[in-house]
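# Fold and geometry: a report
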Amino acid sequence: MMGTLAIAGLGPGDEALVTPEVSAALAAATDIVGYAAYVARVRPRDGLTLHPSDNRVELQRASEALQLASEGRQVVVVSSGDPGVFAMASAVFEALELQPQWAKLDIRVLPGVTAMLAAAARAGAPLGHDFCAINLSDNLKPWPLIEKRLRLAAEADFAIAIYNPRSSSRPEAFGRALDILNRAGCGERIVIFARAVSAPDERIETVRLCESRPEMADMRTLVIVGNSATRRVGRWVYAPRHAR
């Protein structure tokens, strides 16, 4: 008998931001598969098996989940934020393409509150007009492509949500990104550093791009670079609805 596979987003951290749909899937699950830090967010209970793994084994993790579901298990693959945004949904479908014998499995993608949207809500409405999201990790794409996307996003005057800005293995990446945006004429744009949004140690800091420093971000920080019209109103930051 075939089982089911749900690919679920746990939101940015606070349990209050986990959707009812995801909570129901977790309650019905027999197996939870995911990066260890995200699996740890699921409460253990009788009848539930946890399958934590390292952060860089996405395809292996996805294949394990598909195998468990094919054996009749009720499997939930967990990601933080939304599973379709720099997370596990793509990995599961990539694994499915490589192993089409599981194509008839009951697979659902359950959306979650992204770090980008949670950070924007804390700040006001900096994504109120056209925007894009760029992941600074070069594990799965070359750095020149990241540079190109940053330059073109700046030229197109998008607000830019930057994921994974600065890790211990590539501490120079965010500084290089700031240099690219400064050279592209974005120095006066408002930048929001949103760290650990919805967690007890949440911190929101707003500065101009020209005042931004690489050490202001780490891997728990979501950075939003406003467009050229982004402005402050009191303690809030927002992008006007009308473009020039």
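Please refer to the structure placed before this passage.
The following refers to the structure shown. (Residues numbered from 1 in each chain as written. Predicted model: local features only at pLDDT ≥ 70, side-chain atom pairs only at ≥ 80, totals over all residues. Heavy atoms only, no water.)

### A closer look at the environment of A159
Tracing the backbone through its elements, the reader meets A159 in strand β8 (residues 159-163). Separated by 71 residues in sequence, A159 and T230 place their C-alpha atoms 8.4 Å apart. (Helix = DSSP H or I, 4+ residues; strand = E, 2+ residues; numbered from the N terminus.)

### Here's the deal with the nonpolar core
When a protein is soluble and globular, its nonpolar side chains tend to lie buried together. Membership of the largest hydrophobic core comes to 25 residues, with the highest contact counts inside it found for I134, L136, I160, F174, F193, V223 and V225. Looking at this core, the elements that each hand over two or more residues are β7 (131-135), α6 (143-155), β8, α7 (173-183), β9 (190-195) and β11 (221-225). Here this core takes 6 residues from α7, the largest share from any one element. If we ignore the near neighbours within four places in the chain, the residues touching F174 are L136, I162, P165, R166, F193, R213, P214, A217 and V223. If you look at the next biggest cluster of nonpolar residues, it comprises 18 residues, including A62, V75, A89 and A95. (Core = buried A, V, L, I, M, F, W, Y, C linked by side-chain atoms within 4.5 Å. Buried < 20%, exposed > 50% of the residue type's maximum accessible area, 1.4 Å probe, protein only. Contact = heavy atoms within 4.5 Å.)

### Some points on the pattern of salt bridges
In total, this model carries 10 salt bridges according to the counting rule given. Here R122 makes a salt bridge to E202, at a shortest N to O gap of 2.9 Å. Pair noted here: R122 is in helix α5 (residues 115-123) and E202 is in the loop between β9 and β10 (203-208), with a separation of 80 residues, a long-range link. Of the residues examined, R122 reaches a relative accessible area of 39% and is grouped as partly exposed. (Salt bridge = Lys/Arg side-chain N within 4 Å of Asp/Glu carboxyl O.)

### A closer look at the environment of P165
With respect to the helices and strands, the residue P165 is situated in the loop between β8 and α7. Overall, the relative accessible area of 0% leaves P165 in the buried class. The residues contacting P165, other than those within four sequence positions of it, are L136, R170, A173, F174, A217, D218, M219, T221 and V223.

### Comments concerning the packing of aromatic side chains
Summed over all chains, the structure comprises 3 aromatic pairs. Seen in terms of ring centroids, Y35 and Y38 are 5.1 Å apart; in terms of plane orientation they differ by 85 degrees. Their pairing is edge-to-face. When the centroid spacing of 6.0 Å and the interplanar angle of 85 degrees are considered together, the rings of F174 and F193 count as edge-to-face. Taken together, the residues F174 in helix α7 and F193 in strand β9 connect sequence positions 19 residues apart. The residues F174 and F193 share a single accessibility class, namely buried. (Phe/Tyr/Trp six-rings, centres within 6.5 Å; stacked < 30°, edge-to-face > 60°.)

Take it as geometry only, folks, not as evidence of what the structure does.
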